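Survey of secondary and tertiary structure
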Amino acid sequence: MQRTLVQEFTKGIGSENPIFRLVLGLCPTLAVTTSLLNGLGMGLAATFVLLCSNTIVALIKGIVPPKIRIPIYIVVIATFVSITEMVMAAYTPDLHKALGIFVPLIVVNCIILGRAEAFAGKNSVIRSLIDGLGMGAGFTVALCTLAAIREILGDGKLLGYPVMGQSFEPVLLMILPAGGFFVMGLLMGALKLKDLRAAARKRAQAIAET
Amino acid sequence: MSDTKTDTAPQLIVSAAPHLKTTDSVEKIMYSVVVALLPALAGAVYYFGLQALWITGIAVVTAVATEAAIQKFRKVRITALDGSAIVTGILLAFNVPPSVPWWIPVVGTFFAIAIGKHVFGGLGLNPMNPALLGRAFLMASWPVLMTTGWSAPTGGTTSGVAAVTSATPLMAVKAAMRDLALGVNVEQSRAVVESAGTAKAYFSLFVGSVGGCIGETSALLLLVGAAYLFYKKYINYRIPLSYIGTVAILGWIFGGEGLFTGDFMFHILAGGLVLGAFFMATDMVTCPSSPLGQWIFGFGCGLLTIVIRLVGGYPEGVSYSILLMNLVTPLLDRYTKPKVFGA
Amino acid sequence: MFNIIKLGSILGIFCVAAAFALGAVYESTKGKIAYEKEKVMQEALKSVLPEAKIIVKTDGPDGKIYYRGFKTENMQEEPIGYAIVAAGKGYSSTIQTLIGLTPGGVIKGMNIMYQQETPGLGTKSVEIKYGEKDPWFQRQFMGKPGDTIAVDKDGGQIQSITGSTITSRAIASSIKQEVAWMKAKAILAPVGK
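Reading guide: rules and limits
- Residues numbered from 1 in each chain as written.
- Chains lettered and ligands numbered in written order.
- Predicted model: local features only at pLDDT ≥ 70, side-chain atom pairs only at ≥ 80, totals over all residues.
- Heavy atoms only, no water.
- Helix = DSSP H or I, 4+ residues; strand = E, 2+ residues; numbered from the N terminus.
- Expected span 1.5 Å × (residues − 1).
- Buried < 20%, exposed > 50% of the residue type's maximum accessible area, 1.4 Å probe, protein only.
- Contact = heavy atoms within 4.5 Å.
- Buried area = accessible area lost by both parts, 1.4 Å probe.
- Salt bridge = Lys/Arg side-chain N within 4 Å of Asp/Glu carboxyl O.
- Polar contact = N/O pair within 3.5 Å; in protein donor to acceptor, adjacent residues only side chain to side chain.
- Nonpolar A, V, L, I, M, F, W, Y, C, P; charged D, E, K, R; others polar.
- Pairing = 2+ DSSP bridges.
- Axes fitted to C-alpha atoms, helices over the stretch in contact; angles between N-to-C directions.
- Parallel < 35°, antiparallel > 145°, perpendicular 65-115°, else oblique.
- Left-handed = near helix turned anticlockwise from the far one by under 90°.

A word on helix H14 (residues 291–311) of chain B
All names here are of chain B. Taking 1.5 Å per residue, 21 residues should reach 30 Å; H14 reaches 30 Å between its end C-alpha atoms and fits that length. Regarding H14, the residues found buried are Gly-293, Gln-294, Phe-297, Gly-298, Gly-300, Cys-301, Gly-302, Thr-305, Ile-306, Ile-308 and Arg-309. Each element contacted by the buried residues of H14 is listed here: helix H7 (169–182), helix H11 (238–254), helix H12 (264–269), helix H13 (273–280) and helix H15 (318–336).

Set out below in structure tokens:
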């Protein structure tokens, strides 16, 4: 059964969220989510690359010989990553400095190649474009959630503005790498718990009806 | 703890070895541990004042409340008063400096119970000692509060070592050794190191009239409590002996300016080694159950402790070394379990 | 054989197309990137030598670079200040500090341009307290002669950051070393002149 275009978009945010459901691309996720601005910047950069690479891959899928599809996908992705990096260095130098090595490393982000291989190489251009947008949005939402929690708890700020009052002692662990794992794990656990409880309710309902 | 019950209490218990049954309940063991910790608590109140009791009380209340709240949320039987949460609370309080703000034990105990224990499924399923995990969380989150809140005990200087009052003995000696290696403040540093090796300094460390975390300073009172647990057979000699022995031998070999000149008495008595070796490394849930595994566990803890003390960034390594060895425990159990007779 | 050539040339065509795209973007952003880098350095220099109208990069002895600041655009006058980058090995990074000096070697301004120290400890070197304008640790350096700067643990007048003696010492001693070098090479006047 073919999904509608809207479903193609929303699956990236919800049921197939790259971070919380597919658990892909964790390296940048854990590393850059120390402040909301970094998380948002990383999410948008990856979304841009994903959107472009998905579109191009879907466009060229007819002329790419299957044997060399992976190197060609990588060339396409690397090109867009380099373009993104140069544009960021020129127009958002502060963000570029903060994200550092993780912008070039978008090349090896599993989400990008994963979507090219699993989706864009088999679907139409318009669907691939929507899929890229949805996955990118899901990635960005996940990054921003993590980053906002870590910035508020670990630094007492949000987007650089103090939000917790003067007497708040920041929970330093939250902006250290370990904090990334903790927040990530707890969020995934909470989502899983929600699923489990929903499933249990459904089962109980089904039993009650029979 | 032993396999008498876990939080989820399934009908059919399929658990890892050992499948030994005893008549000891969780309550009996845990309340014995609480009793064993009381002498050290009394010592802490004597040396650091009512603040020590206050911090410990807050930690215990938070531990029990957190345990009950999470068990309610998880819809399992509420066993908050089985003593295990109380032990976690006391041990956490024993691992923080006496003059920390009141919310430090609250946050630390909450983390210990919620993340250290219940995320993994509750009592008996936690891979690491919850109290130590709570301490590691506090150390990483508020390093300044956790390393500067030392207060001078009644009848002693903070460090128990000449001329330094703002640090624990381990911190003072470590800073002095580093200065000696760098060649700065040589005279003062040498005086600190030498004064730490006198009989008077050993005595201060033994009775506990030095600065340090609430429950770690008095080796004497901790040993009194440990003797009670030995008597009840809730702990055995293997882990404490191999742990303290390893620290002593390695401290003697590598702890000084030349080989075999280290001050091993100082390494045994200073810091949290006695508390860690008798009360935290021996936690039944998180240490190996086979005798050989326990020897290796103690040795590993000792090795890591001395490495952290001598070359690491922190002055004290007891808590991190036990946590790291906790993680190796399943492997130790797998490779050291005794052969089944006849197999 | 023929297949390999065919696959290779297809891959080659993609690479050439990618190269053209990258070349075009590089050309169009090159100037802006260089300008942004220069701007960061210029702003840092301005912050440490606020009174100078123009600041000129100067090649010094030993292949080192320092900066001279002039009151007016006339570079024939005596410089009113100097700046140099001091680098010291901290706890977990090499800390780079730009310092502004009077011709006599007194510290007028400083700007820690790069550090990756432990968050919450070493990073207090750049912490700005709530409601304040400048980092409290660096404020201590202002108005002090650069070649005698040292942290309190080494008998100096700079109060080191609690729990971060190594970071504090790295910053102080790297500054002391650079100022001493500038005095030794007679770029700065000896004390008392």
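A closer look at the interface of chain B and chain C
Tallying the contact residues gives nine residues for chain B and nine residues for chain C. Together, Pro143(B), Val144(B) and Arg178(B) form the three largest contributors to the area buried by chain B at its contact with chain C, with a combined 53%. For the interface between chain B and chain C, the tally reads zero salt bridges. On inspection of chain B and its partner chain C, the count reaches zero residue pairs in polar contact (both at pLDDT 80 or more). For the side of chain B that touches chain C, the secondary-structure elements that each account for two or more residues are helix H6 (143–148) and H7 of chain B. Class assignment for the residues of the side of chain B that touches chain C results in four nonpolar, three polar and two charged.

Points about the interface of chain C and chain A
Contact residues are listed per partner, giving 19 residues for chain C and 24 residues for chain A. Carbon and sulfur atoms supply 85% of the area buried between chain C and chain A, which totals about 1900 Å² over both sides. Linking chain C with chain A are zero salt bridges, by the criterion used here. Counting the contacts that link chain C with chain A gives zero residue pairs in polar contact (both at pLDDT 80 or more). Examining the composition of the side of chain C that touches chain A, we find that 15 residues originate from one element, helix H1 (residues 2–48) of chain C, more than from any other. Split into classes, the residues belonging to the side of chain C that touches chain A amount to 14 nonpolar, three polar and two charged.

Considerations on the pairing of strand S2 (residues 65–70) of chain C
All names here are of chain C. Alignment of strand S1 (residues 54–59) against S2, held across six bridges, turns out to be antiparallel. Across the sheet, Ile-55 pairs through a bridge with Gly-69, a residue of S2. Examined bridge by bridge, S2 and strand S3 (residues 81–89) share three bridges and lie antiparallel to one another. Bridging from a neighbouring strand, Tyr-67 pairs with Ala-83 of S3.

Comments concerning the packing of H14(B) against H15(B)
Between two packed helices, both the angle of their axes relative to each other and the distance between the axes serve to describe the pair. Residues and elements named next belong to chain B. As a packed pair, H14 and H15 sit with axes 9 Å apart at the nearest point and diverge in direction by 150°. Judged by the inter-axis angle, H14 sits roughly antiparallel to H15. For the pair H14 and H15, the sense of crossing is right-handed. Note on element contacts: H15 touches H14 through Val-318, Tyr-320, Ser-321, Ile-322, Leu-324, Met-325, Asn-326, Thr-329, Leu-332 and Thr-336, opposite Leu-292, Gly-293, Ile-296, Phe-297, Gly-300, Cys-301, Leu-304, Thr-305, Ile-308 and Arg-309. Grouping the constituent residues of the contact of H14 with H15 by class yields twelve nonpolar, seven polar and one charged.

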